[in-house]
Amino acid sequence: MTFPWFHRRKSETRMELELVSLDHFHQHDLVFSEDLLNNSDGGEILCFACLEPAGSLGATYNCIECYFFLHKSCGELPSQIKHPLHRKHSLVLLPNSPYPRIYSCNFCGIWSKNYVYRCSPCDYDLHPKCALLSRCLIQPDSQNHRFTGLMRSDPFTCNFCGVYTNQWAPNKFVILDRSPSLCTECHIVVHRKCISLLHSHTIKIPQHDHSLTHTYFITENESVDIKCRICSEEVNREFGSYCCHECRLVCHVNCSQGNKLYDSSNSLVPLDKLDEELICWPQIEDNFKLGKDMLVQEIDHCSHEHRLTLQVDVDCEVKNSRTYCDGCIQPISAPFYRCEKCDFNLHKLCTELPPKIIHPLHQEHPLTLFLNPDGFYHCFGCSRYCHGFMYSCGICPNSLKFDVRCALVNPFKFNHDGHQHPLILTINYNTNADCGNCSACGTTHFLYFLQCNLCPFSLDYRCATLPHTVKHKYDDKHPFELTYQAIDDGSDEYYCDICEEERSQHHWYYYCAKCDHAAHPECALGMAAFIKGGRLWGRDSSVHHHDLFFERMENYGPPCSSCGKRCYEMSLECHELDCNFRLHWHCMFKNGVWF
């Protein structure tokens, strides 16, 4: 039997037209046509899925065996969907009413006997047409959002990122973004900043091997680890998150977006490619066991105007504890290069620092090594004040600055003696409470930390770059060694021998086994550990009318001009004759001396 809208015999149609099989819609093969249907009988041809006129959209699927038609969009409906109107379970597409005769759509209430999206455990049914009202959510890779800004600032939760926004309590992710934007197609409400993220349907993060896909909600019957893979805080199933469908894990949207990988063209970069381009920083205090004939005896270095001479013998080392490498501001040790004309020293490793590095914390441009930074700077990684070399972007104004210790930590595979597994850089974008506790010191306020993918262990950059050994005048015979586990001596209390305050047995500390001396890391390093004495700070008329210089003292010095107490370790001092002005390191902040 042939129908009037086909003007060729069935045998000819089978040979000339390509047949399409849509088993979940119809028992026969279908023919796809981009032409408008023309029924010579004059009757209206309806789409069997949405019950709208089949010829209204042009392209259709037609059955040449029976009276059956589908719009192209209806014929491409997924066989199973997650729908925001029923977030408990997924809905399955059925070709007929599951009831004896007809069913009622739970959204619009209209009765029907044709196709239905159904949740059998809950007896929940939706017409395909009603289900498609949220096509943006069901098929986000083919989004067709149309946003309009709402002129109101009521509290709301963004459907895309899941962050709750209140005009009285702005959060660190949404600055001055308190007015929602509404999609008139699918009725989701999002932040303005999230509109630009909607195309990021699939992203890659260094904390996981597989790609993550965005979903607007997670049904209750989906078996997933609901804790965020990055920050370990619980993810709200009701709102947007990124999921790995292979491993059944999820991440907060802001955690994922803050850690995603880019290349210079804003496309995804394979993890192994980035890993090869980044330099793993060796420990500065490690001595090189090389013969003298393998080292260049004299070099010219762009950070200094004079030639530098190699020092390799222990007898040639500068034994004065106030002598530091001008590159990394660490106590000098062999092999190093020294200027014979002035007080300038560089570790051999610091003379070989790469001029540019690629770093995920500033993905727009490479970071450049600045050899003579103006004075001191604040390291963005460890939050320390530093002298010496730094890595920064020479293109972006007010660019972030990193000292050489933090900049050259391999962010995708950092091996530390304090943990058995490699660590990966993670940006703490949690939306709830503080998270990402540093396992070494217990602090939570750092934005960047290095996290283990295999166990609950993380380090902030300050602890990750602690020197393995330090010298302190409290124990001038032996160096303190960084210790990762407390020695159990049966005591209920543990103290720092330098400050005599209690310390946690669960946190890292410095220890001298020969003298049984223990110390907090900040006590063993001392104040302003990476500031070099003798360097110019500058002049501020509100503080003092002469130039002030950083000075480091081994013992107590003259009293501070602000608090009257004797200065210790680091201070600002005036070098003018008959001027005894000086400020403690702590008093610098009280007197408005900001860095």
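Right above here is the structure, for reference.
Conventions adopted
- Residues numbered from 1 in each chain as written.
- Predicted model: local features only at pLDDT ≥ 70, side-chain atom pairs only at ≥ 80, totals over all residues.
- Heavy atoms only, no water.
- Helix = DSSP H or I, 4+ residues; strand = E, 2+ residues; numbered from the N terminus.
- Buried < 20%, exposed > 50% of the residue type's maximum accessible area, 1.4 Å probe, protein only.
- Contact = heavy atoms within 4.5 Å.
- Areas by Shrake-Rupley, 256 points an atom, 1.4 Å probe, with all protein chains shown as cover.
- Pairing = 2+ DSSP bridges.
- Axes fitted to C-alpha atoms, helices over the stretch in contact; angles between N-to-C directions.
- Core = buried A, V, L, I, M, F, W, Y, C linked by side-chain atoms within 4.5 Å.
- Polar contact = N/O pair within 3.5 Å; in protein donor to acceptor, adjacent residues only side chain to side chain.
- Salt bridge = Lys/Arg side-chain N within 4 Å of Asp/Glu carboxyl O.

## Observations concerning the overall build of the chain
On a plain count of helices and strands, the chain comes out with 12 helices and 43 strands. Expressed as a percentage of its 595 residues, the buried residues of the chain come to 49%. By sequence separation, contacts in the chain at least 24 residues apart represent 54% of the contacts at least 6 residues apart. When the accessible area of the chain is evaluated, it comes to approximately 30400 Å², of which 49% is carbon and sulfur surface.

## Quick look at the environment of S90
Turning to its location among the elements, S90 is positioned in strand β6 (residues 86-94). The spatial distance from the C-alpha of S90 to the C-alpha of E220 is 9.2 Å, given a sequence separation of 130 residues. Not counting residues up to four positions away in its chain, the partners in contact with S90 are Q80, I81, K82, R118, C119, T219 and N221.

## Details of the sheet that holds strand β17 (residues 212-215)
Strands sit in the order β16-β17-β19-β20-β18 across an open sheet of 5 strands; the sheet is mixed. Of all strands in the sheet, those bounded by a partner on one side alone are β16 (202-203) and β18 (225-228). Here 2 bridges tie β18 to strand β20 (residues 249-251), and the two strands are oriented parallel to one another. Residue pairing across strands places C228 opposite V250, the latter belonging to β20.

## Things to note about unusual backbone geometry
In this structure, R248 is a non-glycine residue whose phi angle is positive, near 60°. Relative to the assigned elements, R248 resides in the loop between β19 (241-244) and β20. Since its relative accessible area comes to 28%, R248 is described here as partly exposed. Even without glycine at this site, A528 takes up a positive phi of about 50°. Classification of A528 by relative accessible area gives buried; the value is 12%.

## Some remarks on the sheet that holds strand β41 (residues 544-553)
Pairing is antiparallel in the open sheet, where 4 strands are placed in the order β40-β41-β42-β43. Every other strand in the sheet has two partners, leaving β40 (536-540) and β43 (582-584) as the edge strands with one partner each. The sheet shows a mean angle of 25° between the axes of neighbouring strands, direction not considered. Pairing of strand β42 (residues 569-574) with β43 involves 3 bridges; the strand directions are antiparallel. Within β43, the position partnered with E573 by the bridge is R582.

## As for the nonpolar core
Core analysis: the largest hydrophobic core is formed by 62 residues, its most contacted members being Y391, L450, L459 and Y461. Excluding residues within four positions of it along the chain, L459 makes contact with H416, L423, C438, A440, F449, L450, A464 and W508. Judged by nonpolar contacts, the second largest core, of 33 residues, contains C161, V163, C228 and C231.

## Points about the side chain of H472
By the secondary structure assignment, H472 is in strand β34 (residues 469-472). Within the structure, H472 has its side chain in polar contact with the backbone oxygen of C523 (distance 3.5 Å). Every residue in contact with H472, bar those within four places of it in the chain, is listed here: F480, I498, C523, A524, Y568 and E569.

## Looking at the pattern of salt bridges
Summed over the entire model, instances satisfying the criterion amount to 13 salt bridges. A salt bridge links R539 to D547, with the shortest nitrogen-to-oxygen separation between them at 3.2 Å. Residue classification places D547 among the partly exposed residues on the basis of a relative accessible area of 30%. E573 serves as the salt-bridge partner of R582, at 3.8 Å between the closest nitrogen and oxygen. Residues R582 and E573 agree in their burial class; the two are buried.

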